[in-house]
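# Observations on the model geometry
Spelled out from the first residue to the last, the chains are:
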Amino acid sequence: MAMAIGVLDLQGAVREHVWALKRLDVEARRVKRSADLAGLAGLIVPGGESTTIGMLAQEYGLIAAVRAEATQGMAVMGTCAGLILLAKTVAGREQPTFGLMNIIAKRNAFGRQRESFEAPLSVPALGADPVPAVFIRAPYIEAVGHGVAVLGTYQDKIVLARQANCLASAFHPELTQDLRLHQYFLEVAAGTR
């Protein structure tokens, strides 16, 4: 049976993640309700507005459902706002999160929309070639706790980390042609990495 990966479809860059998964020949399912999580090997929490996504996820019962599935082994990747939603703590804010990673996320850490940028990023876990990283009102990880591996930094700020079956990226891999981070996530979801 082929692996299926969900993309949380409440707000944000859903279509772009679905497209990336299809390019990797993986079944992509849009997730709007907790019942949509059934049978998924992984879930991508896309970029967008973290407060809105968190409030909708809470309203639709997805916070508890995603936590439960992740505890049972479902892999979860958060990009940009998704990184914030995976954090146990958001610096200076109270907002609903999935709380799956021992990280402190700092919102809009690189500035406002006009300060958005693209930069080559060294990510040894993805190979020798730099990863094109698109940062849009991006967060970063202010601090990591027990069990978190830092996979990538930009200007001494943590922008990519993994804890067990969870992966948090401050940048938008779905907005480039480079599929290595999605491929890495598929390997995490399959239990081969």
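See above for the structure.
Residues numbered from 1 in each chain as written. Predicted model: local features only at pLDDT ≥ 70, side-chain atom pairs only at ≥ 80, totals over all residues. Heavy atoms only, no water.

### Some thoughts on the overall build of the protein chain
Counting its secondary structure elements, the protein chain contains five helices and 12 strands. Against the compact-globule benchmark of 16 Å for 193 residues, the protein chain has a radius of gyration of 15 Å, which places it among compact chains. Summarising its shape, the C-alpha atoms of the protein chain cover approximately 40 × 35 × 30 Å along the three principal directions. Residue burial in the protein chain is summarised as follows: out of 193 residues, 53% are buried. For the protein chain, long-range pairs separated by at least 24 residues make up 65% of all intrachain contacts whose partners lie at least 6 apart in sequence. Accessible area for the protein chain stands at about 8,600 Å²; split by element, carbon and sulfur atoms hold 49% of it. (Helix = DSSP H or I, 4+ residues; strand = E, 2+ residues; numbered from the N terminus. Rg over C-alpha atoms; globule rule 2.2 N^0.38 Å. Buried < 20%, exposed > 50% of the residue type's maximum accessible area, 1.4 Å probe, protein only. Contact = heavy atoms within 4.5 Å. Areas by Shrake-Rupley, 256 points an atom, 1.4 Å probe, with all protein chains shown as cover.)

### Quick word on helix α2 (residues 50-59)
Among all positions of α2, only Ser50, Thr51, Ile53, Gly54 and Ala57 are buried. All buried residues of α2 lie within an arc of 165° about the axis, which places them on one face of the element. On the buried face of α2, the contacting elements are β1 (4-8), α3 (62-71) and α4 (81-86). The backbone nitrogen of Thr51 has a side-chain oxygen 3.1 Å away, supplied by the residue at the start of α2, namely Glu49. Trailing α2 by a residue or two, Gly61 shows a phi angle of about 75°, which is positive. (Arc of directions from axis to C-beta. Polar contact = N/O pair within 3.5 Å; in protein donor to acceptor, adjacent residues only side chain to side chain.)

### Quick word on the pairing of strand β12 (residues 166-169)
Because side chains alternate across β12, one face comprises the buried residues Cys166 and Ala168, and the other comprises Leu167 and Ser169, equally buried. Pairing geometry for strand β4 (residues 75-79) and β12, over four bridges, is parallel. Across the sheet, residue Val76 finds its bridge partner in β12, namely Cys166. Bridge count for strand β11 (residues 157-163) against β12 is four bridges, and the pairing is antiparallel. Note that in β12 the partner of Arg162 across the bridge is Leu167. Counting the residues in the hairpin turn of β11 and β12 gives two residues, including Ala164, whose phi is positive at 55°. (Pairing = 2+ DSSP bridges.)

### Section: helix α1 (residues 14-23)
Looking at α1, one finds that the buried residues are Val14, His17, Val18, Ala20 and Leu21. Down the axis, α1 shows its buried residues gathered within 160° of arc, on one side only. Projecting away from the buried face of α1 at angles above 90 degrees are the exposed residues Arg15 and Lys22. Its buried side turned inward, α1 meets β1, β2 (27-31), β3 (42-45), β4 and α5 (180-190). Just past α1, the residue Asp25 takes up positive phi, approximately 60°.

### Considerations on the packing of aromatic side chains
One pass over the structure, following the stated rule, counts eight aromatic pairs. Ring centres 6.0 Å apart and planes at 65° place the aromatic pair Phe110 and Tyr154 in the edge-to-face group. Highlighted residues: Phe110 in the loop between β6 (101-106) and β7 (117-121) and Tyr154 in strand β10 (residues 149-154), separated in sequence by 44 residues. For Phe110, a relative accessible area of 17% gives the class buried. (Phe/Tyr/Trp six-rings, centres within 6.5 Å; stacked < 30°, edge-to-face > 60°.)

### Let's talk about unusual backbone geometry
Positive phi, normally seen in glycine, also occurs at Asn108, with a value near 45°. With respect to the helices and strands, Asn108 occurs in the loop between β6 and β7. The residue Arg137 is not glycine, and still its phi comes out positive at about 45°.

### Overview of the environment of Ile103
With respect to the helices, strands and loops of the structure, Ile103 is situated in strand β6. For Ile103, a relative accessible area of 2% gives the class buried. Through-space distance from the C-alpha of Ile103 to that of Leu83 is 9.3 Å; in sequence the pair is 20 residues apart.

### Examining the side chain of Ser50
Its location among the elements puts Ser50 in helix α2. With sequence-adjacent residues up to four places away left out, Ser50 is seen in contact with Ala81, Ile84, Leu85, Gln95 and Arg107.

The values are spatial; any link to function lies outside them.
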